[in-house]
Amino acid sequence: MVGSGARALLGAPLAGDDGHDLLALVDSAGGGAGSPVAAVLINNGPRDYSAVGYFVPGPLGDATLADLDLDGDLDLVGTGADSSAVHVVPGDGRGGFGQAQSRRAAGLGASVVVLDAARPTVLSFGPGSQQLHAFPVTRCGG
């Protein structure tokens, strides 16, 4: 069990191997305790996963994975569930994530997508507004 109230599941090679690991967006880290998080499950073989940890500051509404800093490791990009922020969390290539960087503004986004390029761009569409927010990512993590 990775938590309660699962809302989304992403599959990608997060641990630096060819296995498809999982990133689950859950409402709490088990037993109703804590705040909404992203739970990482590392693939150990067919139908065998182990939990690595829980990441992200606050509830996520939508998320995607992309290599924003072009270091070969997937980074997590997510919108705040209250549409007030976009969080960028650098991946470490071992199934873990570093310190989140957040961009906050009212109506910033209910959904997020990353355009891959020499300089990746994060796009977020705000709910109830007709605004598309776009910003280039120049650095992710430390």
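All figures in this text were calculated on a predicted structure; none of them were measured in a lab.

Let us now look at the sheet that holds strand β8 (residues 101–104). The 4 strands are arranged β5-β6-β7-β8 in an open sheet whose pairing can be described as antiparallel. Strands with a single pairing partner mark the edges of an open sheet, and in this sheet they are β5 (60–66) and β8. Looking at each pair of strands side by side, their axes are set apart by 15 degrees on average, direction ignored. Inspection of the sheet shows strand β6 (residues 75–80) paired to strand β7 (residues 85–89) by 4 bridges, in the antiparallel sense. Each bridged residue has a counterpart across the sheet, and for threonine 79 the counterpart in β7 is valine 86.

Within the open sheet, the 3 strands sit side by side as β9-β10-β11. Their pairing is antiparallel. A single partner strand is all that each edge strand has here, and the edge strands are β9 (111–115) and β11 (132–136). Across the sheet, the mean angle separating the axes of adjacent strands is 20 degrees when strand polarity is ignored. With 5 bridges joining them, strand β10 (residues 121–125) and β11 adopt antiparallel strand pairing. Within β11, the residue paired with serine 124 across the bridge is histidine 133.

Looking now at the pattern of salt bridges. Evaluated as defined, the whole model comprises 1 salt bridge. Ionic pairing is found between aspartate 92 and arginine 94, a salt bridge with its closest N-O pair at 3.4 Å. When its relative accessible area of 62% is taken as the criterion, arginine 94 is described as exposed.

Here we take up the environment of valine 40. By the element assignment, valine 40 lies in strand β3 (residues 37–45). Under the relative-accessibility criterion, valine 40 is labelled buried at 0%.

Considering the arrangement of structural elements, one finds serine 84 in the loop between β6 and β7. Serine 84 sits in the partly exposed class, given a relative accessible area of 23%. What serine 84 contacts, discounting residues up to four positions off in sequence, is Arg103, Arg104, Ala105 and Leu108.

Inspection of the secondary structure puts serine 111 in strand β9. Residues serine 111 and alanine 81, 30 residues apart in the sequence, show an inter-C-alpha distance of 9.5 Å. Setting aside residues up to four positions removed in sequence, serine 111 forms contacts with Asp62, Thr79, Leu123, Ser124 and Phe125.

Rules used in this analysis
- Residues numbered from 1 in each chain as written.
- Predicted model: local features only at pLDDT ≥ 70, side-chain atom pairs only at ≥ 80, totals over all residues.
- Heavy atoms only, no water.
- Pairing = 2+ DSSP bridges.
- Helix = DSSP H or I, 4+ residues; strand = E, 2+ residues; numbered from the N terminus.
- Axes fitted to C-alpha atoms, helices over the stretch in contact; angles between N-to-C directions.
- Salt bridge = Lys/Arg side-chain N within 4 Å of Asp/Glu carboxyl O.
- Buried < 20%, exposed > 50% of the residue type's maximum accessible area, 1.4 Å probe, protein only.
- Contact = heavy atoms within 4.5 Å.

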